[in-house]
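Structural features, examined
Chain by chain, the residues:
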Amino acid sequence: MSQTPVRFSEERSEDVVAASFAGAQDPRLRLVLTSLVRHLHAFAKDVELTQAELDAAIGFLTRTGQTCDGTRQEFVLLSDVLGLSMLVDTMANRAPAGATDSTVLGPFHMVESPARRLGDQISLVPGGEPTLVTGQVLSAAGRPLAGAVVDVWQADEKGFYDVQRDDVPTGHLRGLFTCDDQGRFAFRTILPAPYPIPDDGPVGELLAASGRHPYRPAHIHFIAGAEGHAPLTTHVFVSESPYLDSDAVFGVKDSLVLDFVHVEDPEPAAYAMPVPFRHAHVELRLRESP
């Protein structure tokens, strides 16, 4: 006697659809799809999703895909503004005691930043508030990591990255530094400004419709790496910047907010910095490789 099939209904929709993935050979794929279906159906039932709303959502996702090209990834931007990018990054990089918190990579990283000497100027055009950044790469326990490599990049005083401007040299406000035998690094730059994420596409429409702004607080990006340690991707945020409490991509963590102090005394003006200038000292503490 054949068993009566369990057919689709509103009450058991998630069970029926989840069961359809039981034959997936990859157990991780089966787990992810099953959980996705259960949460998705629960969401639709919770908000009583209408056909018009589903059609609008499909249209939004279609336009999001159509906005992507070789230099713009609108789906990553969507993940960012929904906080999914930061959640996955945080789960994947749970920092042990003493290690620096990670945050999202951002869309403006270059695969190869120009190699520079310690103390070099990375701002290649006039303008902006002179800023000195010194730092040290350490283990989570505080041991200096000799020869660590630090990749840095940032926006300018108007909130633009070099790839967004046609009038600046390649590598403006970027640099790849090899630390000394005490894990120390330094570079001269300018104080970055807050800036908006691209908001002229579907994601921008979503932000506007939901009453959210597209701005990120002022920050400098860092990727630090050293032998025997997991690479660290993080930011340092300017403590006086607006939008620290409303970053459009949720990238701010309290531990990453740093004072860029005013220096007006010519005595400690290292690296031939013009006085006055800003100074920030950054510690990047790496966790050991698994």
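Residues numbered from 1 in each chain as written. Predicted model: local features only at pLDDT ≥ 70, side-chain atom pairs only at ≥ 80, totals over all residues. Heavy atoms only, no water.

1. As for the sheet that holds strand β10 (residues 261-263)
Pairing between the strands of a sheet comes from backbone hydrogen bonds, and it takes one of two forms, parallel or antiparallel. Here four strands make up an open sheet; going across it, the order is β4-β1-β11-β10 and the pairing mixed. Whereas interior strands pair on both sides, the edge strands pair on one side only; in this sheet they are β4 (184-190) and β10. Averaged over neighbouring strand pairs, the angle between their axes works out to 30° when direction is ignored. With three bridges joining them, β10 and strand β11 (residues 277-286) adopt antiparallel strand pairing. Across the sheet, the residue bridging to V263 is F277, located in β11. (Pairing = 2+ DSSP bridges. Helix = DSSP H or I, 4+ residues; strand = E, 2+ residues; numbered from the N terminus. Axes fitted to C-alpha atoms, helices over the stretch in contact; angles between N-to-C directions.)

2. Brief notes about the layout of surface pockets
The rolling of a water-molecule-sized probe over the atoms marks out the regions of remaining empty space. The volume enclosed by the largest pocket comes to roughly 660 Å³. Lining the largest pocket are 22 residues, and of these T71, R72, P107, F108 and P198 lie nearest its centre. Elements supplying a minimum of two residues to the lining of the largest pocket: α4 (74-81) and β5 (195-196). Looking at the lining of the largest pocket residue by residue, the classes come out as 12 nonpolar, six polar and four charged. Each pocket or cavity is described by its volume, and for the second largest pocket that value is around 470 Å³. (1 Å grid on protein atoms, 1.4 Å probe; cavity = no way out; pocket = protein on both sides within 12 Å on 5 of 7 lines; lining within 4 Å. Points joined across faces, edges and corners; volume = space filled by probe spheres on them. Nonpolar A, V, L, I, M, F, W, Y, C, P; charged D, E, K, R; others polar.)

3. Quick notes on the nonpolar core
Counting residues in each nonpolar core, the largest one holds 27 residues, and the members touching the most others are V137, V150, F185, F187, F222 and L284. Elements with a contribution of two residues or more to this core: β1 (130-139), β2 (149-154), β4, β7 (219-225), β8 (232-238) and β11. Take this core: its biggest share by element is four residues, from β11. Excluding residues that lie within four positions of it along the chain, V150 makes contacts with V137, G175, L176, F177, C179, F185, F222, I223, A224 and L284. Grouped together as the second largest cluster of nonpolar side chains are 11 residues, L77, M86, A248 and V249 included. (Core = buried A, V, L, I, M, F, W, Y, C linked by side-chain atoms within 4.5 Å. Buried < 20%, exposed > 50% of the residue type's maximum accessible area, 1.4 Å probe, protein only. Contact = heavy atoms within 4.5 Å.)

4. Considerations on the pattern of salt bridges
Using the criterion set out here, one finds 14 salt bridges in the structure. We note a salt bridge from D180 to R184, for which the minimum N-O separation is 2.9 Å. Residue classification places D180 among the partly exposed residues on the basis of a relative accessible area of 23%. Assessed through its relative accessible area of 43%, R184 is described here as partly exposed. Each of the salt bridges in this network shares a partner with another, and the network as a whole consists of R72, E74 and D200. (Salt bridge = Lys/Arg side-chain N within 4 Å of Asp/Glu carboxyl O.)

5. Some thoughts on the environment of P194
Turning to its location among the elements, P194 is positioned in the loop between β4 and β5. In this structure P194 comes out as partly exposed when scored by relative accessible area, which is 23%. With 92 residues separating them along the chain, P194 and S102 place their C-alpha atoms 20 Å apart. Those residues in contact with P194 that lie beyond four places of it in its chain are G159, R216, P217, A218, S241, P242 and Y243.

6. Side note on unusual backbone geometry
Along the chain, V275 connects to P276 via a cis peptide bond; the corresponding omega equals 0°. Within the secondary structure, P276 is located in the loop between β10 and β11. The backbone of F250 sits at a positive phi, close to 60°, despite the residue not being glycine. Mapping F250 onto the fold places it in the loop between β8 and β9 (257-258). When its relative accessible area of 43% is taken as the criterion, F250 is described as partly exposed. The phi dihedral of A272 falls on the positive side, at around 55°, and the residue is not glycine. Topologically, A272 is positioned in the loop between β10 and β11. Judged by relative accessible area, which is 67%, A272 ranks as exposed.

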